[in-house]
Amino acid sequence: MRDWPLWEVFVRSRRGLSHVHVGSLHAPDAEMALRNARDVYTRRQEGVSLWVVPAAEIVASDPGERDAFFDPADDKVYRHPTFYNVPEGVEHL
Amino acid sequence: MDFDDLLAGDGRVEPRDEMPDGYRRTLVRQIAQHAHSEIIGMQPEGNWISRAPSLRRKAILMAKVQDEAGHGLYLYAAAETLGVDREDLLDQLHTGRQKYSSIFNYPTLTWADVGAIGWLVDGAAIVNQVPLCRCSYGPYARAMVRVCKEESFHQRQGFEILHTLSHGTPAQRAMAQDAVDRYWWPSLMMFGPPDDDSPNSAQSMAWGIKRFSNDDLRQRFVDMTVPQAEALGLTLPDPEIRWNEERGHYDFGTVDFTELFEVIKGNGPCNQQRLAHRVGAHEDGAWVREAASAYAAKQAVREGAA
Amino acid sequence: MSTPSKTLGDYVLGLADDALVSAQRMGWWISRAPQLEEDLALANIGLDQLGQARTLLSYAGQLEGDGRTEDDLAYLRDEREFRNVWLVERAQSDFGVTMARLLLFAAWQSELYAALASCPDPTLAGVAGKAVKEVAYHLDHAARWVVRLGDGTEESHQRMQAALDAEWPYLDELFRPVEGAVVDPASLHPLVLARIEPVVAEATLEVPQVAPARGGGRAGLHTEELGYLLAEMQHLHRSHPGATW
């Protein structure tokens, strides 16, 4: 008998912040995964909301394609405000 | 970026990156052994949950042993990012093919042992673990950040237990001293064999898995612990401990590593007992795990049909 | 002639002992659960119960007025002075039994604490208001496991039914009259059954048709098993009279 499936756990630490990946756990189904996540990852008031996602359902980018995926953004410096010159004394810009 | 460049720049290796087989194998072995230590480590302290001498201590101890379960869980999860299953790792533990820290093969004979484990064993573990928060493998490092954050109360509660005992009745004080006498040398062994007898250390340091040598960490632990023992009013069972002005460190006696190797070989006081307890829990729980899987499969069919 | 605070104190002590003895049994599971995740879950439940016990024991000591602390009450009373029900005191090492017991106990505690949360005694209402959230989670946890084990494999179905049959006789004691009761125990009976029975049905199990156990814990009449539990729990504390821990 194989182990229960793996689930990835995301916690919203407080209202106003997004859910952040905190780790994973094993659970037989979604209901139990959510409850296990509560018991494993929020014992010290770390969260106000939880997501669990079957680890097998996550689609991840391939590190081998990292160059093609992410390098083209390198030379688009005009997307960042620091690219632009603002005359001295001009505010709220 | 390739593996060597990443390490050269003190970058972090992440699960799907290419990595040398040896690096992966070393990490799996080390993380698994670390995880096994956490869950076997539940037993010596768990041994006193039912007998904790106050309700406050009982609550603290339950929360602490629960944390060990959590730490084991975080670590198994980190190992699983390297393409192994927790079930397989547990199987290797249960069949003796993977080890756990030898310190947990010593018995907790008195309540003071719970204090000594918190103060000395968790203290040594923290010295070992803090550098692992900067380990080159991202998931291991992140798990260790979480573990270290949670562990900070463990050492303090152990110190507090011993402090209370050493300032209590003569019988309590004797209990505290006895525990420290028994746990001091095994705690020093937790840092592993001496550097010139530690074959894998150099490679682990080059890979950024290990940041400091066994002997450096052992020295750090001694330097940290000696003044704490003075604050407790307890004696460390080593007549050779004294401050060395020249080195800027405490000198201490020679650790008897034949004892460590004996325990690793399986001849510690509790090796069989610890493993039997773990295997027993796993086997007794098999019907529960199978039932939950069967229910999940039935539910999936029902939902599919609905 | 009992004074009102004496009878209230006895009543509170009964609830405290239920929680304490239950926590003591739950603590056994830590390092023995079927899966690591469950070690954490059962420890959380045990810690909640222990927390309830501590607050209730302190309050019972206050009502008694002799200056006894939570530890005096937990560690220095003998079997005949304990007021917990039989449901919680018997040894258990089967996960199905533990979940069956928790289902019954948490269902009862849920209704009890919900009622106590609006009682005129502000201390008791405060404790209950906090505890009602905790036991809701315990009930949820037990219910999900009873359903999974009942409707899991052939083996788990049989074991879960056997566990439910074994625990069910101890349910009745929870609804018997108690001196000083702030909430009429009998009034909780239908409410508790309404929580348990749908779970049993969803688990494809049968509600056991069994005679109630003798009981008598509220009067200090226990099974032989409580003595061993207390001997283990109390021995260290009692070996060092007056010591601080």
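Residues numbered from 1 in each chain as written. Chains lettered and ligands numbered in written order. Predicted model: local features only at pLDDT ≥ 70, side-chain atom pairs only at ≥ 80, totals over all residues. Heavy atoms only, no water.

A few points about the overall build of chain C
Part 1 of the argument: Secondary structure summary: chain C contains nine helices and zero strands in total.
Part 2 of the argument: When the helices and strands of chain C are read in sequence order from the N terminus, they spell out α-α-α-α-α-α-α-α-α.
Part 3 of the argument: Summarising its shape, the C-alpha atoms of chain C cover approximately 55 × 40 × 30 Å along the three principal directions.
Part 4 of the argument: When the 245 residues of chain C are sorted by exposure, 62% land in the buried category.
Part 5 of the argument: Taking all contacts inside chain C whose residues are at least 6 apart in sequence as the whole, residues at least 24 apart take part in 81%.
Part 6 of the argument: Carbon and sulfur atoms provide 55% of the accessible area of chain C, an area that totals close to 9200 Å².
Part 7 of the argument: Side chains of chain C carry 20 positive and 36 negative charges; the gap between the two charge centres is 3 Å. (Helix = DSSP H or I, 4+ residues; strand = E, 2+ residues; numbered from the N terminus. Buried < 20%, exposed > 50% of the residue type's maximum accessible area, 1.4 Å probe, protein only. Contact = heavy atoms within 4.5 Å. Areas by Shrake-Rupley, 256 points an atom, 1.4 Å probe, with all protein chains shown as cover. Lys, Arg positive; Asp, Glu negative; His and termini not counted. Charge placed at Lys NZ, Arg CZ, Asp CG, Glu CD.)

What about the interface of chain C and chain A?
Part 1 of the argument: With 10 residues of chain C in contact, the opposing surface of chain A contributes 13 residues.
Part 2 of the argument: For A:Glu31, the salt bridge goes to C:Arg144, with nearest N and O atoms at 2.7 Å.
Part 3 of the argument: Connecting chain C to chain A are eight residue pairs in polar contact (both at pLDDT 80 or more).
Part 4 of the argument: Among the secondary structure elements, those contributing two or more residues to the side of chain C that touches chain A are α2 (36–64) and α6 (122–150) of chain C.
Part 5 of the argument: Top contributing element to the side of chain C that touches chain A by residue count: α6(C), with five residues.
Part 6 of the argument: Counted by class, the side of chain C that touches chain A contains four nonpolar, two polar and four charged residues. (Salt bridge = Lys/Arg side-chain N within 4 Å of Asp/Glu carboxyl O. Polar contact = N/O pair within 3.5 Å; in protein donor to acceptor, adjacent residues only side chain to side chain. Nonpolar A, V, L, I, M, F, W, Y, C, P; charged D, E, K, R; others polar.)

A closer look at the interface of chain C and chain B
Part 1 of the argument: Residue-level contacts link 48 residues of chain C with 45 residues of chain B.
Part 2 of the argument: Summed over both sides, the interface of chain C with chain B buries roughly 4100 Å², with 66% coming from carbon and sulfur.
Part 3 of the argument: Counting every contact that joins chain C to chain B gives three salt bridges.
Part 4 of the argument: One can count 17 residue pairs in polar contact (both at pLDDT 80 or more) joining chain C with chain B.
Part 5 of the argument: The set of elements that each furnish at least two residues to the side of chain C that touches chain B consists of α1 (4–27), α2, α3 (70–75), α5 (95–116), α6, α7 (154–167) and α9 (225–239) of chain C. (Buried area = accessible area lost by both parts, 1.4 Å probe.)

Here we look at the pattern of salt bridges
Part 1 of the argument: Summed over all chains, the structure comprises 42 salt bridges over all chains.
Part 2 of the argument: B:Asp10 is paired through a salt bridge with B:Arg12; the nearest N and O atoms lie 3.8 Å apart.
Part 3 of the argument: Judged by its relative accessible area of 43%, B:Asp10 is partly exposed.
Part 4 of the argument: For C:Asp78, the salt bridge identified is with C:Arg238, shortest N-O distance 3.0 Å. Of the two residues, C:Asp78 is situated in the loop between α3 and α4 (86–89) and C:Arg238 in helix α9; the sequence distance between them amounts to 160 residues.

As for the nonpolar core
Part 1 of the argument: Of all hydrophobic cores here, the largest spans 190 residues; its most connected members are B:Trp111, B:Tyr137 and C:Leu116.
Part 2 of the argument: Top element by residues in this core is α5(C). It accounts for 14 residues.
Part 3 of the argument: If we skip the residues at most four places from it in the chain, B:Trp111 touches B:Trp48, B:Ala52, B:Pro53, B:Arg57, B:Leu61, B:Ile161, B:Leu165, B:Met175, C:Leu236 and C:Trp245. (Core = buried A, V, L, I, M, F, W, Y, C linked by side-chain atoms within 4.5 Å.)

Topic: a nonpolar patch on the surface
All names here are of chain A.
Part 1 of the argument: A surface patch of nonpolar side chains, amounting to about 410 Å² of accessible area, comprises Val77, Tyr78, Phe83 and Tyr84.
Part 2 of the argument: Here Val77 is to be found in the segment after α2 (66–70).
Part 3 of the argument: Judged by relative accessible area, Val77 falls into the partly exposed class, the value being 41%. (Patch = residues over 30% accessible without salt bridge, like charges linked within 9 Å, V, L, I, M, F, W, Y side chains within 5 Å.)

Observations regarding the side chain of B:Asp67
Part 1 of the argument: For B:Asp67, the position within the fold is in helix α4 (residues 55–80).
Part 2 of the argument: By relative accessible area, which is 2% here, B:Asp67 ends up buried.
Part 3 of the argument: The residues contacting B:Asp67, other than those within four sequence positions of it, are A:Arg43, A:Arg44, B:Glu150, B:Phe153 and B:His154.

Side note on the side chain of B:Glu45
Part 1 of the argument: Positionally, B:Glu45 belongs in helix α3 (residues 42–46).
Part 2 of the argument: Ignoring sequence-local partners within four residues, the contact set of B:Glu45 consists of B:Leu61, B:Lys64, B:Val65, B:Glu68, B:Thr108, B:Val114 and B:Ile117.

Notes on α1(C)
Part 1 of the argument: The first and last C-alpha atoms of α1(C) sit 34 Å apart over 24 residues, in line with the 34 Å expected at 1.5 Å per residue.
Part 2 of the argument: Most of α1(C) is tucked away: 20 of the 24 residues are buried. (Expected span 1.5 Å × (residues − 1).)

Thoughts on the sheet that holds strand β3 (residues 49–54) of chain A
Residues and elements named next belong to chain A.
Part 1 of the argument: Read from one edge of the open sheet, three strands run β2-β1-β3, paired in antiparallel fashion. Where the open sheet ends on each side, the last strands, each with one partner, are β2 (20–26) and β3. Taken pair by pair, the neighbouring strands of this sheet meet at an average axis angle of 30°, ignoring direction.
Part 2 of the argument: Inspection of the sheet shows strand β1 (residues 6–12) paired to β3 by six bridges, in the antiparallel sense. Within the sheet, the bridge partner assigned to Glu8 lies in β3 and is Val53. (Pairing = 2+ DSSP bridges. Axes fitted to C-alpha atoms, helices over the stretch in contact; angles between N-to-C directions.)

Considering the packing of aromatic side chains
Part 1 of the argument: Taken as a whole and assessed by the stated rule, the structure comprises 17 aromatic pairs over all chains.
Part 2 of the argument: Arranged with centres 5.0 Å apart and planes meeting at 85°, the rings of C:Trp28 and C:Trp29 form a pair that is edge-to-face.
Part 3 of the argument: What makes C:Trp28 partly exposed here is its relative accessible area of 31%.
Part 4 of the argument: Judged by relative accessible area, C:Trp29 falls into the buried class, the value being 3%.
Part 5 of the argument: Its guanidinium or amino end placed over the ring of B:Tyr74, B:Arg146 lies 5.3 Å from that ring's centre, counting from NZ or CZ.
Part 6 of the argument: Positioned above the aromatic ring of B:Trp287, the side-chain terminus of C:Arg159 is 4.0 Å from the ring centre. (Phe/Tyr/Trp six-rings, centres within 6.5 Å; stacked < 30°, edge-to-face > 60°. Lys NZ or Arg CZ within 6 Å of the ring centre and 35° of its normal.)

Things to note about unusual backbone geometry
Part 1 of the argument: If you check the backbone angles, A:His92 has positive phi at about 55° while not being a glycine.
Part 2 of the argument: As for its position among the elements, A:His92 is in the segment after α2.
Part 3 of the argument: Positive phi values are uncommon outside glycine, yet B:Asp10 reaches one of about 55°.
Part 4 of the argument: By the secondary structure assignment, B:Asp10 is in the loop between α1 (3–8) and α2 (21–40).

Focus on the confidence of the model for chain C
Part 1 of the argument: With 99% of its residues at a pLDDT of 70 or more, chain C has an overall mean of 97.
Part 2 of the argument: As scored by the predictor, the complex reaches a pTM of 0.95 and an ipTM of 0.97. (pLDDT = per-residue confidence, 0-100.)

A look at α5(C)
Residue and element names in this part refer to chain C.
Part 1 of the argument: Given a rise of 1.5 Å per residue, 22 residues ought to cover 32 Å, and the 30 Å separating the end C-alpha atoms of α5 matches this to within 8%.
Part 2 of the argument: Most of α5 is tucked away: 20 of the 22 residues are buried.
Part 3 of the argument: The backbone nitrogen of Gly96 lies 2.8 Å from a side-chain oxygen of the residue at the head of α5, namely Asp94.

Digging into the environment of C:Arg80
All names here are of chain C.
Part 1 of the argument: For Arg80, the position within the fold is in the loop between α3 and α4.
Part 2 of the argument: In sequence terms Arg80 and Arg195 are 115 residues apart; their C-alpha atoms lie 32 Å from each other.
Part 3 of the argument: Not counting chain neighbours up to four residues away, the residues in contact with Arg80 comprise Ala219, Gly220 and Leu221.
Part 4 of the argument: A polar side-chain atom of Arg80 sits 3.4 Å from the main-chain carbonyl oxygen of Ala219.

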